[in-house]
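Each chain is listed here by its residues.
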Amino acid sequence: LLLAAPQRSSDSYREPTESRSMAALIADVLPRLRELDIVLASTSPRRAEILRAMGLPFTQRAPPFEEALEHRRFASPAHYVAANAWGKALSILAEPAEPAEHGEKTGR
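So, how was this worked out
- Residues numbered from 1 in each chain as written.
- Predicted model: local features only at pLDDT ≥ 70, side-chain atom pairs only at ≥ 80, totals over all residues.
- Heavy atoms only, no water.
- Helix = DSSP H or I, 4+ residues; strand = E, 2+ residues; numbered from the N terminus.
- Buried < 20%, exposed > 50% of the residue type's maximum accessible area, 1.4 Å probe, protein only.
- Contact = heavy atoms within 4.5 Å.
- Areas by Shrake-Rupley, 256 points an atom, 1.4 Å probe, with all protein chains shown as cover.
- Patch = residues over 30% accessible without salt bridge, like charges linked within 9 Å, V, L, I, M, F, W, Y side chains within 5 Å.
- Salt bridge = Lys/Arg side-chain N within 4 Å of Asp/Glu carboxyl O.
- Pairing = 2+ DSSP bridges.
- Right-handed = clockwise from strand over helix to strand, strands pointing away.
- Phe/Tyr/Trp six-rings, centres within 6.5 Å; stacked < 30°, edge-to-face > 60°.
- Expected span 1.5 Å × (residues − 1).
- Core = buried A, V, L, I, M, F, W, Y, C linked by side-chain atoms within 4.5 Å.

Engineer: What's the story with the overall build of the chain in this structure? I'm lost.
Structural biologist: Across its full length, the chain carries three helices and three strands. Order of helices (α) and strands (β) in the chain, N terminus to C terminus: β-α-β-α-β-α. Within the span of the chain, comprising 108 residues, buried residues form 28% of the whole. Here the analysis covers contacts within the chain between residues at least 6 apart in sequence; of these, 57% occur between residues at least 24 apart. Carbon and sulfur atoms make up 57% of the accessible area of the chain, which totals about 7500 Å².

Engineer: Looking at this model, I keep getting lost on a nonpolar patch on the surface. Mind explaining?
Structural biologist: The grouping of W86, L90 and L93 at the surface amounts to a nonpolar patch, some 390 Å² of accessible area in total. With respect to the helices, strands and loops of the structure, L90 is situated in helix α3 (residues 77-94).

Engineer: Help me understand the pairing of strand β2 (residues 36-40), please; the structure alone is not making it clear to me.
Structural biologist: Sheet faces and side chains relate simply in a regular strand, where the side chains alternate between the two faces. Here β2 shows a buried face lined by L36, I38 and L40 and an unburied face lined by D37 and V39. Relative to strand β3 (residues 58-60), β2 runs parallel, the two sharing three bridges. Paired with I38 across the bridge in β3 is F58. As a crossover connection, the stretch from β2 through helix α2 (residues 45-53) into β3 is right-handed.

Engineer: Is there a simple way to think about the packing of aromatic side chains in this case?
Structural biologist: Pairs of aromatic rings are described using the distance from one ring centre to the other and the angle between the two planes. Taken as a whole, this structure holds one aromatic pair when the rule is applied. On the numbers, 5.7 Å between centres and 75° between planes, the contact of F74 with Y80 is edge-to-face.

Engineer: Sorry, what's going on with α3 here?
Structural biologist: End to end, α3 covers 26 Å across 18 residues, agreeing with the expected 26 Å (1.5 Å per residue, within 8%). Those residues of α3 not exposed but buried are Y80, N84, G87, K88, A89, S91 and I92.

Engineer: Explanation requested: the nonpolar core in the structure shown.
Structural biologist: As a rule of thumb, nonpolar side chains are buried together in soluble globular proteins. Listed in full, the eight residues of the largest apolar core are L30, L36, I38, L40, A48, L51, L56 and F58. Put simply, the parts of the chain that give this core at least two residues each are β2 and α2. Counting residues per element, this core draws most heavily on β2, which supplies three residues. Sequence-distant contacts of L30, defined by excluding residues within four places in its chain, comprise M54 and L56.

Engineer: Could you clarify how one ought to interpret the pattern of salt bridges in this entry?
Structural biologist: Any two side chains of opposite charge can pair, on the condition that their charged atoms come close. A full pass over the atoms with the stated rule returns five salt bridges. One salt bridge in this structure joins R61 and E95, with 3.4 Å as the shortest N-O distance. In this pair, R61 is assigned in the loop between β3 and α3 and E95 in the segment after α3, connecting sequence segments 34 residues apart. The exposure class of R61 is buried, given its relative accessible area of 10%.

Engineer: Where do I start with the side chain of K88 in this structure?
Structural biologist: If you trace the backbone, K88 turns up in helix α3. A relative accessible area of 11% means that K88 is categorised as buried. Dropping the residues within four chain positions of it, K88 is found in contact with A41, P63, F65 and E67.

Structure (structure tokens):
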């Protein structure tokens, strides 16, 4: 899960439409993502690799949230994944940032 806060405003972002290609959407969104302070609330090396490949600066933090939710309590796999993502995000937000991580980009 990514937690992000804007650093500055930009006029380069355009709302996506159904007729636009995925490449065009990514080309429009990447500049906007580069304006954010991104926190990757995951220890997954693959997720960090994806952000690096996209050229996005980020800080990676290990969330204290344990993914031990009961699958059967959720209407669908998507609901289960969303609940885990929210749990991770909220657990990171509840912790104070470590001094070395405050304002420092570690994922690039």
